[in-house]
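Each chain, written out:
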Amino acid sequence: MPAGKDTTDPSPSSEELAAARLAAVRSALARLKLGPADLDDITAFLLDVEHSGSAGTIHKLPRAGHRPDKLLFVGVGAGDEAGWRAAGAKLARSASGEPTLTLLLPQDVTPAAVRGLGEGLWLASYRFRLGADEPPELRRVVLASPPGAADADLAAALAAAKIVAESTRLARDLTNMPSDEKTPAWFAKRVEKAAAGVAGLTTTVRDPKALAEEGFNAILAVGGGSTRGPRLVEMSWRPRGAKRHVVLVGKGITFDTGGICVKPLSGMKLMRKDMAGAAAVIGATLAAAALRLPLRITALAPLAENALGADSFRPGDVVRHYGGITSEIHNTDAEGRLVLGDAMAYAVRRLRPDAIIDLATLTGAQGVALGKRTAALYSHSDTLASSLAEAAAAAGESMWRMPLHDDYFEALGSDVADIVNSTDVGAGSLMAALYLREFTGSLREQWAHLDMSSPAWADSADGELTKGATGWGVRTLLRWLETSAG
Ligand code: BES
Ligand code: MN
Ligand code: ZN
């Protein structure tokens, strides 16, 4: 091939692209009613900084004595939802401290772009402070749509972004809350309060007495060592005419000491986050109901504190789950799968859904395998697995499918019960998934498990994530529900 541009190639050169981008920026700026000299200065600035346009890069032009007194130029990458989400997150941080940010949306803005932008702005503005209800630093954002835009579609996209951000905020708040306050009863109350704000959403809370009457013995065993008794929250969204029913189950350990198999401090320090799965399924269901999605959804949050006390369950105990499966306890620190087993058996036997998805901060091994941002996905269904992976990609969350090796199952065998709750054969995240699979009954092929131990938490701010609880799963589940409904 000769060097240089092929004259038959219809795709624009990078200079042509840059010129087009500059023209688009100038036409947006024209809406500010700046003088022609101002516009030329700004153009010179833009040419000078060589803005790459990649998602989330920002250049700031201070203009002392002018209105507006600062101009920010932000890249949106390919201009897709992810690019706009990154841009929104970066803007929220760069403009914090400003009273108002006005965004001149370009002529070709789409509803998807606005949803990404809104999510980025709101999610990155999240703060968790105990006691004080501090307002976010950036108080006011004005989106100026271009002339001739389909404003109703853009407004609907923005409303959806707001619902995503608010339900993620609830999930983050619940997860960040210290465990001295965050008892199972406190969690259930917070959920009931949030649900009361959405028409048609109902919640039932089972206390220890109700759990005992109905045979949720694993939830009771795990919660037995704490004076703050366990609960089971059942949240239901049941719109008229719904054909499909999905159950979402989330691990809700309000603090995980490990129990009698107590954790070292290094492993225990952050264990207030061990209910992030429960927070995510509640957040996603609230959002789905707020968006009036036309499918039935039940969220189940088995809540317990895995404490060390005189009534703690012990290694060697045998627990009879809801529905009759028995588990021999090999390690009281493998408690999440025990409470999930009860809730999943209940879902399969009583609720008879079309699909069941569980989310859990289940194993340290998950983070060893996949690092800080990527959850482990397990499912026998290729359809379910790929639809979840697509939803995650669209939502800007990351997951990776892992195998469910049948020949590893043998290691879960017990001499005195149906299965043991922990093994020492390695593959910790996979073994936990195989354990949970025992509770899926007739829904074995319609089940997915997400081990989100490490992405539930961010050690520092990153894009739309703020330091601390991330609310991982709310966005993926909601996207998946949005596509499952249609
Ligand atoms: N909650 C932990 C898993 C965890 C670890 C979540 C780190 C987030 C970050 C879980 O209850 C647990 O203790 N799992 C044990 C299982 C083992 C005893 C089979 C683990 O991963 O070590
Ligand atoms: Mn544990
Ligand atoms: Zn745990």
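Residues numbered from 1 in each chain as written. Chains lettered and ligands numbered in written order. Predicted model: local features only at pLDDT ≥ 70, side-chain atom pairs only at ≥ 80, totals over all residues. Heavy atoms only, no water.

1. So, the coordination of the manganese ion (ligand 2)
Argument step 1. Taken together, Asp256 (OD), Asp333 (O), Asp333 (OD) and Glu335 (OE) make up the protein donors of the manganese ion (ligand 2), found 2.1 to 2.2 Å from the metal.
Argument step 2. Around the manganese ion (ligand 2) sit six donor atoms; with metal-centred angles ranging over 72 to 170°, the donor geometry is irregular.
Argument step 3. All donors to the manganese ion (ligand 2) come from one chain, and their sequence spacing reads D-x76-D-x1-E.
Argument step 4. Separating the manganese ion (ligand 2) from the zinc ion (ligand 3) is a gap of 3.1 Å, bridged by Asp256, which donates to each. Placement of the pair is Asp256 in strand β8 (residues 252-256) and Glu335 in the loop between β11 (326-328) and α11 (336-351), with a sequence separation of 79 residues. Judged on exposure class, the residue Asp256 and its partner Glu335 are both buried. (Donors = N, O, S within 2.8 Å, 3.2 Å for Na, K, Ca; no water. Tetrahedral: all angles 85-135°; square planar, octahedral: opposite > 155°, others 65-115°. Helix = DSSP H or I, 4+ residues; strand = E, 2+ residues; numbered from the N terminus. Buried < 20%, exposed > 50% of the residue type's maximum accessible area, 1.4 Å probe, protein only.)

2. Looking at the packing of aromatic side chains
Argument step 1. All chains considered together, the criterion is met by five aromatic pairs.
Argument step 2. On the numbers, 5.4 Å between centres and 45° between planes, the contact of Tyr435 with Phe439 is tilted. In this pair, the class of Tyr435 matches that of Phe439, namely buried.
Argument step 3. Taken together, the ring pairs in this structure connect Phe216, Tyr322 and Tyr346 into an aromatic cluster. (Phe/Tyr/Trp six-rings, centres within 6.5 Å; stacked < 30°, edge-to-face > 60°.)

3. A short note on the coordination of the zinc ion (ligand 3)
Argument step 1. Within the protein, the atoms that donate to the zinc ion (ligand 3) are Lys251 (NZ), Asp256 (OD), Asp274 (OD) and Glu335 (OE), at distances of 2.0 to 2.4 Å.
Argument step 2. Between the six donor atoms coordinating the zinc ion (ligand 3), the angles at the centre fall across 78 to 172°, so the site counts as octahedral.
Argument step 3. Note on Lys251: relative accessible area 2%, which makes it buried.
Argument step 4. Using a relative accessible area of 2% as the deciding quantity, one classes Asp256 as buried.

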